[in-house]
Amino acid sequence: MHTSDPLEQTLARYWGFATFRPLQREAMDAILAGRDSLVVLPTGGGKSLCFQAPAVVRAGLALVVSPLISLMKDQVDTLVANGVGAACFNSALAADERASVLLGLREGRYRLVYVAPERLVGSASTGFLDALPRPEFVAIDEAHCISQWGHDFRPEYRQLARLRDRYPGIAMHAFTATATARVRRDIVSQLALRDPLELVGSFDRPNLTYRALPRTGLKRQLEAVLRRHAAEAGIIYCSSRREVDALAAWLQTSGIRAVPYHAGLDDADRHRNQDAFLDERADVVVATVAFGMGIDRPDVRFVVHAGAPQSLEHYQQESGRAGRDGLPAECILIYSSADFLKWRVMLERNGELTDARRALLREMERYAASVGCRHRHLVRYFGQAYEPTGCAACDYCLGELEAVDDPVSTARKILSCVARVGQRFGVAHVTNVLCGSDSETVSSRGHQRLSTFGLLKNVPSAEVRGYIEQLLADGLLRQTDDAYPVLTLTADGVALLKDAASRPELTLVRQARPSAERSGARRTPGTESWSDAEHALFDRLRAVRLQIAHARGVPPYVIFHDTTLRELARVKPDSVDALRGIYGIGARKAETFGEAFIDAIREYHQSQGA
Ligand code: ADP
Ligand code: ZN
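Residues numbered from 1 in each chain as written. Chains lettered and ligands numbered in written order. Predicted model: local features only at pLDDT ≥ 70, side-chain atom pairs only at ≥ 80, totals over all residues. Heavy atoms only, no water.

Enquirer: I'm lost on the site of ligand 1 in this one. Help?
Expert: In the vicinity of ligand 1 lie 16 residues, with G44, K47, S48, H561 and Y583 positioned nearest. For ligand 1, an oxygen atom lies 2.7 Å from a polar atom in the side chain of K47. Bound to the protein, ligand 1 loses 86% of the 570 Å² it would expose on its own. With respect to the pocket detection grid, ligand 1 is positioned in the second largest pocket. For the shell around ligand 1, the leading source of residues is helix α3 (residues 47–57), giving 3 residues. Taken together, the residues that form the shell around ligand 1 break down as 5 nonpolar, 8 polar and 3 charged. (Near = heavy atom within 4 Å. Polar contact = N/O pair within 3.5 Å; in protein donor to acceptor, adjacent residues only side chain to side chain. Areas by Shrake-Rupley, 256 points an atom, 1.4 Å probe, with all protein chains shown as cover. 1 Å grid on protein atoms, 1.4 Å probe; cavity = no way out; pocket = protein on both sides within 12 Å on 5 of 7 lines; lining within 4 Å. Sits in = over half its atoms within 2 Å of the grid points. Helix = DSSP H or I, 4+ residues; strand = E, 2+ residues; numbered from the N terminus. Nonpolar A, V, L, I, M, F, W, Y, C, P; charged D, E, K, R; others polar.)

Next up, the structure:
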């Protein structure tokens, strides 16, 4: 090792990492200096390392508060595999496991101990707290749980400031991926952080490609996504349990290893399906938003929303589960105006349709139908500047959206059709009339005699629907909040009908074919430069990983990430010594798993030579 810096040494020795990610160094220094801190880094930004590495460098014990048992377990399994003493203490432990952890604490066997907030405050806390030696510092993961403005409010988080009464002068460090200033202020005040160092990273996730498509035929649209990601991991979010079950069943009959997940399944089924996904026995989870928190599978290659979420905050959170490993991944929003309506109706029914909620919904709607770089849109929404002029990773920048030549005249055809049917019909009917469909509903109302009948008969109906969505988002059309929503004209819409020049800046786009399909790109992302041999070896190494993971009862990513396997396939080390310097292989993992992988590489060589 060529460095005398203890943090760098620790990183290399235990994690097999050569450099820090942005702001990690600063966050670690704050912990080593005992200064309170609040660290905001995007998902996959490397927050856990920020408190884990200092916990190894400092003597003594670090106390980590984490909201979910599955999160804790993954982190502890990974730490132990890396040779760092760590444990979690929670309700999932059997009595003897608990006793063993308490003993381990007394004997000073751990550098980190993970607990749920319930263990630290309230009546469930005494047994644990009494056994706990005074920690060196407290790290609070997913700290946005403290705020009602966040998306996963946990009341017990509010009482964590009391830890200071028990441990006067102790430093507290909060970590979250949730960016808004309001949540940040809440965290600082609720935890009573003292002069905290605030580190806020860039919220952009450059490895994610964003696409948004009007929902024109969900199954066909999903098929296109799945073709790009054959045998890769993905999540499909639906807005109802019924849709989850139906889509999961459909995918299964199409030969895709898919499982459903929603709150209506009983606990055993839910756990089984979640585990199947984590253990790579399933590739695709079809789920409601009940699925996701605590899902740390890093190689999720796509997240589809079959229906818009209620805010961009939610979208960012949910879509952000793609590509935690930093490799390319895709986030696709398949939306329709009915989604937004459904949210309005639901929020209204619950008495929650405040101006703020309406505004959040509108922002979501604007994103869906926007014509511009989606990375920029998201980054700006979360209050940061976006410098690049093109991201090369969204449908707009990839040229997948083609601007319509005469948007104003197309818009006027649609608006006048809405007027002709008396502003008493919904998207489907208006589309039928415009496309000149001789359906029963059209003819029974005599709408085939309207002057607008067949005005867009050369345009596919899916595309017409897409235009209507854009006009809704643009405020030229509105939809009523009814069970059978009806399209009506807004004042701006009427103005455009009267005067074609009233909206000179209007743009309408249609979907071109995704560039990945057009170029016939390989499905494994970021591997364009790979030889077939490297692909084959990579697949073998994955099988070795799966075997080891099953034998140990941990998810495969606890053993090695794909990034590590890719480097192994490329470098083809032939001895345990040669593993040094491979991304993600520290001393302990080299020792424990090295042989198995080197054997696989050697066998592969021989089979090639033969
Ligand atoms: P977060 O909690 O911020 O979502 P994680 O802590 O899970 O992110 O880290 C995301 C991934 O990045 C993990 O696979 C982790 O091992 C990896 N990682 C973190 N820090 C580094 C680093 N300095 N160098 C290389 N990989 C890193
Ligand atoms: Zn872009």
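Now that the structure has been shown, the text picks up again.
Enquirer: I tried to follow helix α11 (residues 267–278) on my own but got confused; where do I start?
Expert: Note that an α-helix has 3.6 residues per turn; residues three or four places apart therefore point the same way. For α11, spanning 12 residues, the distance from its first C-alpha to its last is 16 Å, which sits close to the expected 16 Å at 1.5 Å a residue. Looking only at α11, the buried set comprises R270, N273, Q274, A276, F277 and L278. In this structure, the buried side of α11 is in contact with α4 (69–81), β9 (233–238), β10 (258–261), β11 (284–287), β12 (300–306) and α23 (556–559). At the C-terminal side of α11, E280 shows a positive phi close to 65°. (Expected span 1.5 Å × (residues − 1). Buried < 20%, exposed > 50% of the residue type's maximum accessible area, 1.4 Å probe, protein only. Contact = heavy atoms within 4.5 Å.)

Enquirer: Just to check I follow, could you spell out the packing of helix α16 (residues 407–420) against helix α20 (residues 491–498) for this structure?
Expert: For any two helices packed against each other, one specifies the crossing angle of their axes together with the interaxial distance. In the contact formed by α16 and α20, the axes pass within 10 Å of each other and the chain directions differ by 115°. Taken together, the axis directions place α16 and α20 in an arrangement best described as roughly perpendicular. Crossing geometry of α16 relative to α20 is assigned as left-handed. In this structure, α16 uses V408, A411, R412, L415 and S416 to contact α20, whose residues at the interface are G493, L496, L497 and K498. (Axes fitted to C-alpha atoms, helices over the stretch in contact; angles between N-to-C directions. Parallel < 35°, antiparallel > 145°, perpendicular 65-115°, else oblique. Left-handed = near helix turned anticlockwise from the far one by under 90°.)

Enquirer: How should the coordination of the zinc ion (ligand 2) be read in this particular structure?
Expert: Each donor-metal-donor angle in an ideal tetrahedron of four donors is 109.5 degrees, and each such angle in an ideal octahedron of six donors is either 90 or 180 degrees. Taken together, the protein ligands of the zinc ion (ligand 2) are C373 (SG), C391 (SG), C394 (SG) and C397 (SG), with distances of 2.2 to 2.4 Å. Coordination geometry of the zinc ion (ligand 2): the 4 donor atoms subtend angles of 102 to 121° at the metal centre, consistent with an arrangement described as tetrahedral. Between consecutive donors of the zinc ion (ligand 2), the numbers of intervening residues give the motif C-x17-C-x2-C-x2-C. One end of the pair, C373, is in the loop between α14 (355–369) and α15 (374–381); the other, C391, is in the loop between α15 and β14 (401–403), and 18 residues separate them in sequence. Classification of C373 as buried rests on a relative accessible area of 11%. (Donors = N, O, S within 2.8 Å, 3.2 Å for Na, K, Ca; no water. Tetrahedral: all angles 85-135°; square planar, octahedral: opposite > 155°, others 65-115°.)

Enquirer: What's the story with the sheet that holds strand β3 (residues 86–89) in this structure? I'm lost.
Expert: The 7 strands lie next to each other as β3-β4-β2-β5-β6-β1-β7, forming an open sheet whose pairing is parallel. Of all strands in the sheet, those bounded by a partner on one side alone are β3 and β7 (197–200). For this sheet, the mean angle separating the axes of adjacent strands, direction not counted, is 15°. Of the strands in this sheet, β3 and β4 (112–115) are in contact with helix α5 (residues 95–106), which crosses β3 at around 130°. (Pairing = 2+ DSSP bridges.)

Enquirer: What's the story with the confidence of the model for the protein in this structure? I'm lost.
Expert: Low pLDDT marks regions whose predicted coordinates should not be analysed in detail. In this model, the protein carries a mean pLDDT of 89, and residues with pLDDT of at least 70 account for 94%. No element of the protein has a lower mean pLDDT than helix α21 (residues 515–519), which averages 45, and none a higher one than helix α2 (residues 24–33), which averages 98. Counted against residues more than four places away or in other chains, residues 517–525, with its pLDDT under 50, gives 21 contacts. (pLDDT = per-residue confidence, 0-100.)

Enquirer: Can you help me understand the packing of aromatic side chains in this one?
Expert: Summed over all chains, the structure comprises 11 aromatic pairs. Both rings, one in F277 and one in F291, keep their centres 6.0 Å apart while their planes meet at 75°; by these two values the pair is edge-to-face. Linking F277 in helix α11 with F291 in the loop between β11 and β12, this pair joins segments that are 14 residues apart in sequence. Residue F277 is classed as buried on the basis of its relative accessible area of 0%. Taking relative accessible area as the criterion, F291 reaches 1% and is therefore assigned buried. Here Y381 and F382 contribute two aromatic rings whose centre-to-centre distance is 5.0 Å and whose plane-to-plane angle is 85°, an arrangement assigned as edge-to-face. (Phe/Tyr/Trp six-rings, centres within 6.5 Å; stacked < 30°, edge-to-face > 60°.)

Enquirer: I tried to follow the packing of helix α1 (residues 6–15) against α3 on my own but got confused; where do I start?
Expert: Remark: α1 packs on α3, axes separated minimally by 10 Å, with the N-to-C direction vectors making an angle of 105°. In terms of their interaxial angle, α1 and α3 are classed as roughly perpendicular. Mapping the contact onto sequence places P6, L7, T10, L11, Y14 and W15 in α1 and L49, Q52, A53, P54, V56 and V57 in α3. Taken together, the residues of the contact of α1 with α3 sort by class into 10 nonpolar, 2 polar and no charged.

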